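Structural overview for review
Each chain is listed here by its residues.
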Amino acid sequence: MTFDLKGKDTQSNARAGVLTTDHGIIETPIFMPVGTVGTVKGVHQRELKEEVNPDIILGNTYHLYLRPQIDVLEKAGGLHKFMNWDRNILTDSGGYQVYSLSANRKIKEEGVKFKSHIDGSYHFFTPENVMEIQRSIGADIIMAFDECTPYPCDYNYAKRSMHMTHRWLDRCISHLDKTPLKYDYSQAFFPIVQGSTYKDLRKQSAEYIANAGAVGNAIGGLSVGEPAEEMYAMTEVVTAILPEDKPRYLMGVGTPINILENIALGVDMFDCVMPTRNARNGMLFTAHGTINIKNLKWREDFSPIDEMGMTFVDTEYSKAYLRHLFSVNELLAKQIATIHNLGFYMWMVREARKHILAGDFRTWKDKLVKQMDKRL
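Residues numbered from 1 in each chain as written. Predicted model: local features only at pLDDT ≥ 70, side-chain atom pairs only at ≥ 80, totals over all residues. Heavy atoms only, no water.

**Notes on the pattern of salt bridges**
The full count for this structure, using the stated rule, is 16 salt bridges. Close ionic contact of D366 with R362 constitutes a salt bridge, the shortest N to O distance being 3.2 Å. Separated by 4 residues within a single helix, D366 and R362 lie in helix α15 (residues 361–372), roughly one turn from each other. Linked by salt bridges that have partners in common, E261, R362, K365 and D366 make up one network. (Salt bridge = Lys/Arg side-chain N within 4 Å of Asp/Glu carboxyl O. Helix = DSSP H or I, 4+ residues; strand = E, 2+ residues; numbered from the N terminus.)

**With respect to the environment of K108**
Considering the arrangement of structural elements, one finds K108 in the loop between β7 (105–107) and β8 (112–115). For K108, a relative accessible area of 48% translates into the label partly exposed. Note: C-alpha distance between K108 and M164 (56 residues apart in sequence) is 9.3 Å. (Buried < 20%, exposed > 50% of the residue type's maximum accessible area, 1.4 Å probe, protein only.)

**Here's the deal with the UniProt feature "active site" (unreviewed entry) in the chain**
The UniProt record marks D92 and D271 with the feature "active site" (unreviewed entry), using the residue numbering of this structure. For this annotated set, covering 180 residues, all C-alpha atoms fall within 10.4 Å of each other, a compact arrangement in space. Tracing the backbone through its elements, the reader meets D92 in strand β6 (residues 88–92). For D271, the position within the fold is in strand β15 (residues 269–271). The class for D271 is buried, based on a relative accessible area of 8%. With near-sequence residues (within four places) excluded, D271 lies in contact with F31, M32, V34, L58, Y249, L250, M251, G252, V253 and G254. Only 2.7 Å separates the side chain of D271 from the side chain of Y249, close enough to count as a polar contact. (UniProt positions renumbered as here; feature names shortened; annotations may be inferred. Contact = heavy atoms within 4.5 Å. Polar contact = N/O pair within 3.5 Å; in protein donor to acceptor, adjacent residues only side chain to side chain.)

**Examining the nonpolar core**
Ranked by internal contacts, the top residues of the largest apolar core, which has 106 residues, are F31, L90, M143, Y249, L260, I263 and M269. With 12 residues, helix α14 (residues 331–358) is the largest single contributor of residues to this core. (Core = buried A, V, L, I, M, F, W, Y, C linked by side-chain atoms within 4.5 Å.)

**Remarks on unusual backbone geometry**
Residues T28 and P29 are joined by a peptide bond in cis, for which omega reads 5°. Structurally, P29 is set in the loop between β3 (24–28) and β4 (30–32). Cis geometry marks the peptide bond from V253 to G254; its omega dihedral reads 10°. Looking at where G254 falls in the secondary structure, it is placed in the loop between β14 (248–250) and α10 (256–264). Here the phi dihedral of Q69 falls at roughly 85°; this positive angle occurs in a residue that is not glycine. By the secondary structure assignment, Q69 is in the loop between α2 (61–66) and α3 (70–76).

Set out below in structure tokens:
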């Protein structure tokens, strides 16, 4: 994998770059739609490619390991072939999902014992077997196995957890070196910075991760309930330390405003379930603010969903029609809203890139943030 910086903003730390893998190029900054179990929920791969058009999507190690299970993915020739997706895929390591199972997991130095949310069966994830599982899934970018700390988090717990994440990283790297590729393309490995909302821990972790010399680096453990200002403060500390010539991935972020502010701090890659999950609940993101399409005020609004027309759904259907679909619990409602939101997120990061290259990102970003910060 290679990463080339193509331009930097003069009034912020925003950057535009190009990541190249065996499955093609990824223009940054990029948003990666989340395809947890091998599907971006409710969206055909054809619609995803032709309408949303992301360079890369996400898969989830924990969920794919449980279903369809690794043997099925291996027989299919990896996740790309299984889901018929010929562009890039990134898999997270399952650390966050295991963190989410707080009542059903036990963390030890060796790894994490957890109970499946599906049938209650017990499983054990270690840095070593998570590397093997990610080899079998076959994503282009794979993540280190880490512990994601909750918010708020006691300082001593955060410190112990961070040091364990670092020891686990060493084990991931050492095992990955011994584990051959499963398919005919390479995989890039990204370690993850932790440290909760403590600046000294974030600094220490960023230095440790930078010294690992990986081709790209990630920032984890944010967007877990902390105020946005704390998230930005931690991102700023970390991006100042992570190497400039490597891509930086902020995991699980976020709202459109969060994404723009973190691009300004020097982050290149983002993922979040928000555009898809919120769409299924009737929340639409637009350049002029958020819409709860279930509200009565849209009942007789026959204007297009979004006149900016990022995807076909925006101009083919009206707000009143989409509200009607939600009110009768029609599946199509969720699909339309999902395509709209993903299209909007992709438009936003691509516009950000254009403005970074044009040299006026800061002005554009400040104006858009103000516009988006309201309920319509």
